[in-house]
Amino acid sequence: MIGLARGTVKISPYSYEWKEAYKQEEAMLYSLIGEYVIDIQHVGSTSIEGLDAKPIIDIAVGVKSLDDVEKFKNILESVGYHFRGNAGVKGRVLFAKGNENLRTHYLHVEVYNGDLWMNHIYFRNYLRLNKNLVEEYSSF
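Residues numbered from 1 in each chain as written. Predicted model: local features only at pLDDT ≥ 70, side-chain atom pairs only at ≥ 80, totals over all residues. Heavy atoms only, no water.

As for the pairing of strand β1 (residues 39–43)
Burial of β1 is extensive: four of the five residues sit out of reach of the surface. Examined bridge by bridge, β1 and strand β2 (residues 57–63) share five bridges and lie antiparallel to one another. Bridge pairing in β2 links Asp 39 to Gly 62. (Buried < 20%, exposed > 50% of the residue type's maximum accessible area, 1.4 Å probe, protein only. Helix = DSSP H or I, 4+ residues; strand = E, 2+ residues; numbered from the N terminus. Pairing = 2+ DSSP bridges.)

Dropping the structure here:
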């Protein structure tokens, strides 16, 4: 199962459903906003096989400029994403999917190859390449 009520913290055992949920969302996003974005990547804890995580799918959407968000903001809102501004993180725009009782996806719109983008990608790739650290990371 994916999703949590807003403001709830719950860690779930890794599920292959997360990977499939990402793939479905990625295909839908490319079909709707692909012309405005450079890349879309599954990031965060649900993207690391074997890692316990909050069951919310984090997706990084790489754009040339954050000004590009205005070109597709309404499209995302039409399919259930809620605009959250930068949600306290300078240099990104956040969209949350799902209602207050069941948030299922977070879209982190970031400048492609910018610091936030690279931090998401490096973190994910490092843990994917160092499976021995996944268990250690889970213990925090």
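Points about the sheet that holds β1
Pairing in this open sheet of five strands is mixed, and the strands run β1-β2-β5-β4-β3 from one edge to the other. Unpaired on one side and paired on the other, β1 and β3 (81–83) mark the two borders of the sheet. When the angles between neighbouring strand axes are averaged without regard to direction, this sheet yields 25 degrees. Two elements, strand β4 (residues 92–97) and strand β5 (residues 105–111), share six bridges in a ladder whose sense is antiparallel. Residue pairing in the sheet places Phe 95 in a bridge with Leu 107 of β5. (Axes fitted to C-alpha atoms, helices over the stretch in contact; angles between N-to-C directions.)

Re the packing of aromatic side chains
Centre-to-centre distance and the angle between the planes together describe a pair of aromatic rings. Applying the stated criterion across every chain yields a total of five aromatic pairs. Both rings, one in Tyr 14 and one in Tyr 16, keep their centres 5.2 Å apart while their planes meet at 90 degrees; by these two values the pair is edge-to-face. Note on Tyr 14: relative accessible area 17%, which makes it buried. Here the aromatic cluster, defined as three or more aromatic residues joined through ring pairs, consists of Tyr 14, Tyr 16 and Trp 18. The cationic tip of Lys 73 hangs over the ring face of Phe 83; the distance from NZ or CZ to the ring centre is 4.2 Å. (Phe/Tyr/Trp six-rings, centres within 6.5 Å; stacked < 30°, edge-to-face > 60°. Lys NZ or Arg CZ within 6 Å of the ring centre and 35° of its normal.)

Brief notes about the pattern of salt bridges
This model, assessed by the stated rule, comprises four salt bridges. Linking Glu 100 and Arg 103 is a salt bridge whose minimum nitrogen-to-oxygen distance equals 3.1 Å. Owing to a relative accessible area of 42%, Glu 100 belongs among the partly exposed residues under this scheme. One continuous salt-bridge network, built from bridges that share partners, spans Arg 6, Glu 100 and Arg 103. (Salt bridge = Lys/Arg side-chain N within 4 Å of Asp/Glu carboxyl O.)

As for the packing of helix α3 (residues 115–129) against helix α4 (residues 131–138)
With their axes 5 Å apart at the nearest point, α3 and α4 run at an angle of 115 degrees to one another. Taken together, α3 and α4 sit at an angle that is classed as roughly perpendicular. On the side of α3, the interface is formed by Phe 123, Tyr 126, Leu 127, Arg 128 and Leu 129, while α4 contributes Lys 131, Leu 133, Val 134 and Tyr 137. When the residues that make up the contact of α3 with α4 are grouped by side-chain class, the tally is seven nonpolar, no polar and two charged. (Parallel < 35°, antiparallel > 145°, perpendicular 65-115°, else oblique. Contact = heavy atoms within 4.5 Å. Nonpolar A, V, L, I, M, F, W, Y, C, P; charged D, E, K, R; others polar.)

A look at a positive patch on the surface
Where like charges cluster on the molecular surface, the positive patch consists of Lys 19, Lys 23, Arg 128 and Lys 131. Its location among the elements puts Lys 19 in helix α1 (residues 16–33). (Patch = residues over 30% accessible without salt bridge, like charges linked within 9 Å, V, L, I, M, F, W, Y side chains within 5 Å. Areas by Shrake-Rupley, 256 points an atom, 1.4 Å probe, with all protein chains shown as cover. Lys, Arg positive; Asp, Glu negative; His and termini not counted. Charge placed at Lys NZ, Arg CZ, Asp CG, Glu CD.)

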